[in-house]
Amino acid sequence: MKIDEYVDIKQYSSLKVGGQFQYFAVIDKIADLIEALSFAKEKDVKIFILGGGSNIVFRDGAINALALKIEIKGFEVVSEGDNYTDIKVGAGENWDQTVSKAVSMGLSGLESLSAIPGTVGASPVQNIGAYGSEVKDTIKEVEVYEIETGEIFNISNKDCKFGYRDSIFKNEAKGKYVIMGVIYRLLKETTDGIVSRGHTPTALSYPGVMKYFDGKKIENPSLEQTREAIIDIRREKLPNPIEVPNVGSFFKNPIVLSVVADKILNEFSNAKFFELEDGLTKIPAGWLIENAGLKGKSFGSVSIYDKNALVLVNNGNATSEDIFRARDEIMRIVKEKFGIALEQEPEYLK
Ligand SMILES: Cc1cc2nc3c(=O)[nH]c(=O)nc-3n(C[C@H](O)[C@H](O)[C@H](O)COP(=O)(O)OP(=O)(O)OC[C@H]3O[C@@H](n4cnc5c(N)ncnc54)[C@H](O)[C@@H]3O)c2cc1C
């Protein structure tokens, strides 16, 4: 296994921001992982686990760490029941290709999460979600390598403690495991040819998705049609990071007491908020930013995307400092206007 030194981070960052990794290795099998971990111990550097780099802001300058770019592959059916199929997918597999494969096998559950950049291994980390669906509803277990003991075992869905864009992998288990693979339980076509639709009903109640199918006069979309719809809708709303560097949503959707949301609704009666249980309401962060008059605004080399106020875009040569300056300004203006504190979604690697 090759360990490179002083590797440019920008090429591994969808935001095209960051300095250099002091050490860098590509991991496609367990033996390489073991070797790389012992190298890091010997050199006394921390490790950083890298997937597709689409949910991280990397610091400028040299990062004293060994970055492990996980490229562990594999896609296999591991068990089946009458109405479900369990698939195990390697952490280094591309997420969207995995969704595409599942849909083409007539397996439902991932289709509403089409076109999210990144890898399978990162999918449980922030419990990726879109259009009201979350990957936690399909994850049966996560296979991990425990760095301290060298043991490989599965963590159950319950023990992953999934929450909104959250899991143990971002909290108490951060830095403890390398995710090797994920086992998804997907729903399959029944004998009468009907697919029990995993996430589709949730996505279908989303205004943008409803409008899309109404426009096409499709009442009961197939898995392929749902995937196609999501891809089309996302293409309109989200810049392709290959052309326009970004990390998707830069802020989480704040969850506030419904009384707080009601105050805003009194003023903006056409706002679409999402009522949750326990007297809580989810407010789209993009709505707050847009209604603070910031959509399309530039802060030097960083802009708010003109088709989606939730996305910060690197106009070319932005540094992480520039990104954070823009973030702080946006948060200040939103707080001043609505009294709501936004929270950053992507991780920051110092
Ligand atoms: C245009 C665009 C649209 C997006 N849309 C969405 C969206 O709709 N919904 C959504 O939830 N996210 C979205 N994202 C964010 C991002 O794509 C997801 O969070 C994705 O899961 C990140 O995958 P990645 O492989 O790039 O992870 P990285 O950014 O490389 O890593 C993210 C975190 O996961 C950890 N990690 C990665 N792999 C492993 C592993 N094998 N073991 C242990 N830890 C690991 C990393 O250390 C890091 O902490 C979007 C991003 C972009 C650029």
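Residues numbered from 1 in each chain as written. Predicted model: local features only at pLDDT ≥ 70, side-chain atom pairs only at ≥ 80, totals over all residues.

Notes on the site of the ligand
Stated precisely, the cut-off is as follows: The criterion for a residue being near a molecule or strand is simple: its C-beta atom, placed using the backbone, must lie within 6 Å of it. Only runs of H or I of at least four residues qualify as helices and only runs of E of at least two qualify as strands under DSSP, and these elements are numbered from the N terminus. Classification used: nonpolar for Ala, Val, Leu, Ile, Met, Phe, Trp, Tyr, Cys and Pro, charged for Asp, Glu, Lys and Arg, polar for all others including Gly.
In the vicinity of the ligand, 32 residues are found, and the nearest of them are Gly51, Gly52, Gly118, Gly121 and Gly248. Of all the secondary-structure elements, those providing two or more residues to the shell around the ligand are β3 (46-50), β8 (129-130), β12 (177-187) and β13 (246-249). Its residues assigned to classes, the shell around the ligand comprises 17 nonpolar, 14 polar and one charged.

Considering the packing of helix α4 (residues 207-216) against helix α5 (residues 223-237)
The cut-off we apply is this: Here an axis means a line fitted to C-alpha atoms, over the contact stretch when the element is a helix, while the angle between two N-to-C directions is reported on a 0 to 180 degree scale. Roughly parallel here means an angle under 35 degrees, roughly antiparallel means over 145, roughly perpendicular means 65 to 115, and every remaining angle is called oblique. When the near helix sits turned anticlockwise from the far one by under a right angle, the crossing is termed left-handed; a clockwise turn instead gives a right-handed crossing. Contact between two residues is assigned when their C-beta atoms, built from the backbone, lie within 7 Å.
Two numbers describe how α4 lies on α5: the axes approach to 10 Å, and their chain directions differ by 115°. Judged by the inter-axis angle, α4 sits roughly perpendicular to α5. Note on packing geometry: the crossing formed by α4 with α5 is right-handed. Each of Gly208, Val209, Tyr212 and Phe213 in α4 lies in contact with α5, whose residues at this interface are Ala229, Asp232 and Ile233. Split into classes, the residues belonging to the contact of α4 with α5 amount to five nonpolar, one polar and one charged.

Some words on unusual backbone geometry
Stated precisely, the cut-off is as follows: Put plainly, a residue is buried at 20 or more neighbouring C-beta atoms within 10 Å of its own, exposed at 12 or fewer, and partly exposed in between, counting only other residues' C-beta atoms, which are placed from the backbone.
Even without being a glycine, tyrosine 131 presents a positive backbone phi close to 50°. Tracing the chain through its elements places tyrosine 131 in the loop between β8 and β9 (133-134). You can call tyrosine 131 buried: it has 22 C-beta atoms within 10 Å. Non-glycine residue aspartate 278 carries a positive phi angle of around 60°. Taking the number of C-beta atoms within 10 Å as the measure of exposure, aspartate 278 has 6 and is therefore exposed.

A closer look at the domain arrangement of the protein chain
The condition that has to hold: Here the bounds of each domain stem from an automatic or database domain assignment.
In terms of domains, the protein chain is made up of domain 1 (4-70), domain 2 (73-237) and domain 3 (246-349). Using only C-alpha atoms to locate each centre, domain 2 and domain 3 end up separated by 26 Å. Here the side of domain 2 that touches domain 3 is built from residues that sort into two nonpolar, no polar and three charged.

Here we look at the pairing of strand β19 (residues 311-314)
What counts, and what does not: Strands are treated as partners if at least two bridges between them are detected by DSSP.
Side chains Val311 and Val313 project from β19 onto one buried face, and the interleaved Leu312 and Asn314 project onto a second face that is buried too. Here β13 pairs with β19 via two bridges, running antiparallel. Bridge assignment links asparagine 246 to a residue of β19, and that residue is valine 313. As defined by bridge partners, strand β18 (residues 302-304) adjoins β19 across three bridges and the pair is classed as antiparallel. By the bridge assignment, serine 303 is partnered in β19 with valine 313. With antiparallel pairing between neighbouring strands as the criterion, β18 and β19 make up a hairpin whose turn holds six residues.

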